[in-house]
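Structural overview for review
Okay, here's what each chain looks like letter by letter:
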Amino acid sequence: MGKGLVHIYAGDGRGKSPAAIGRAVMAAVEGKSVVMIQFLKGRGLGDSDFLRRMEPEIKLFRFEKSDENFAELSDEKKREEIMNIRNGINFAKKVLSTGECELLILDEVLGLVEKGIITVEDLKNLLECRGETSVILTGISLNDQICMLADQVSKIETLKFKVWE
């Protein structure tokens, strides 16, 4: 039994989540099932009719209750959302340990590490449950410890070019 691959899309550029969704569509076209769990996205894609039409091949989950950005929440609401986020992490662990899908996308999970909601060790323990399931991690921040967990890291940057007159 082989291990699924771990891919990371990180950096300050736009397009990390769309890149992950593109991989999800490619997997679905190949007849594979995909689970995507979004974190720290406010409303996120939860209301997307388009993604809902892709079920059952691509299933989208969001455990946070608030539509507001996590950083803008009161301390009490943050504590509530952290419990919801941990439920999402536990769900991800269940998905991986049962082999429920061939591709699991943890959208903005690197932000959970950056905010101290989970640790790199928590992420490592989660990924160790993956069996043959491939996993995509997205987020802005990246460090050497997280890079060591991945088979492939894509750094996405925004570049500005001076317009010549």
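Going by the structure above, here's the rest.
What comes next concerns the included structure. (Residues numbered from 1 in each chain as written. Predicted model: local features only at pLDDT ≥ 70, side-chain atom pairs only at ≥ 80, totals over all residues. Heavy atoms only, no water.)

Examining the pattern of salt bridges
- If you walk through the whole model with that rule in mind, you get 3 salt bridges.
- Two residues, Glu-30 and Lys-32, come together in a salt bridge whose shortest N-O distance is 3.2 Å.
- Of the residues examined, Glu-30 reaches a relative accessible area of 53% and is grouped as exposed.
- A salt bridge links Lys-155 to Glu-157, with the shortest nitrogen-to-oxygen separation between them at 3.9 Å.
- Assessed through its relative accessible area of 60%, Lys-155 is described here as exposed. (Salt bridge = Lys/Arg side-chain N within 4 Å of Asp/Glu carboxyl O. Buried < 20%, exposed > 50% of the residue type's maximum accessible area, 1.4 Å probe, protein only.)

Thoughts on the side chain of Lys-16
- Mapped onto the elements of the fold, Lys-16 is located in helix α1 (residues 16–29).
- Of the side chains with opposite charge, Glu-108 lies nearest to the buried Lys-16, which makes no salt bridge, at 6.0 Å.
- One polar contact links the side chain of Lys-16 to the main-chain carbonyl oxygen of Gly-11, over a distance of 2.9 Å. (Helix = DSSP H or I, 4+ residues; strand = E, 2+ residues; numbered from the N terminus. Lys, Arg positive; Asp, Glu negative; His and termini not counted. Polar contact = N/O pair within 3.5 Å; in protein donor to acceptor, adjacent residues only side chain to side chain.)

Quick look at the sheet that holds strand β6 (residues 152–155)
- Read from one edge to the other, the open sheet built from 6 strands follows the order β3-β2-β4-β5-β1-β6, with strand pairing classed as parallel. Among the strands making up the open sheet, the edge pair consists of β3 (58–62) and β6. Between one strand axis and the next, the sheet turns by 15 degrees as a mean value, whatever way the strands run.
- Bridging between strand β1 (residues 6–10) and β6 involves 4 bridges; their strand directions are parallel. Residue His-7 lies in a different strand from β6, and its bridge partner there is Gln-152.
- Its contacts with the sheet put helix α3 (residues 75–98) on β2 (34–38), β3, β4 (103–107) and β5 (134–139), and the angle it makes with β2 is roughly 165 degrees. (Pairing = 2+ DSSP bridges. Axes fitted to C-alpha atoms, helices over the stretch in contact; angles between N-to-C directions. Contact = heavy atoms within 4.5 Å.)

What about the side chain of Asp-107?
- Tracing the sequence through the fold places Asp-107 in strand β4.
- Using a relative accessible area of 0% as the deciding quantity, one classes Asp-107 as buried.
- In this structure, Asp-107 is in contact with Ser-17, Met-36, Ile-37, Gln-38, Phe-39, Lys-41 and Thr-138, ignoring residues within four places of it in sequence.

Quick notes on the packing of aromatic side chains
- This structure, assessed with the given rule, holds 2 aromatic pairs.
- Taking the centre distance of 4.7 Å and the plane angle of 55 degrees together, the rings of Phe-61 and Phe-91 count as tilted. Taken as a pair, Phe-61 in strand β3 and Phe-91 in helix α3 lie far apart in primary sequence, 30 residues in all.
- Accessibility expressed as a relative area gives 26% for Phe-61, which makes it partly exposed.
- Residue class for Phe-91 comes out buried when judged on its relative accessible area of 16%.
- Aromatic pair Phe-63 and Phe-91: ring centres 5.4 Å apart, planes at 45 degrees, arrangement tilted. You can see Phe-63 sitting in the loop between β3 and α3 and its partner Phe-91 sitting in helix α3, a full 28 residues away along the chain.
- One aromatic cluster in this structure is built from Phe-61, Phe-63 and Phe-91. (Phe/Tyr/Trp six-rings, centres within 6.5 Å; stacked < 30°, edge-to-face > 60°.)

A closer look at the environment of Val-6
- Take Val-6: it is sitting in strand β1.
- For the pair Val-6 and Glu-72, spaced 66 residues apart in sequence, the C-alpha to C-alpha distance is 31 Å.
- Excluding its chain neighbours within four sequence positions, the residues that come into contact with Val-6 are Leu-127, Arg-130, Val-135, Leu-137, Leu-149, Ala-150, Asp-151 and Gln-152.

Brief notes about the environment of Ile-146
- Assignment of secondary structure puts Ile-146 in helix α6 (residues 144–147).
- For Ile-146, a relative accessible area of 2% gives the class buried.
- On a C-alpha basis, the gap between Ile-146 and Ile-8 in space is 9.0 Å, while along the polypeptide they are 138 residues apart.
- In this structure Ile-146 touches Ile-8, Leu-110, Val-113 and Val-120, once residues within four positions along its chain are discounted.

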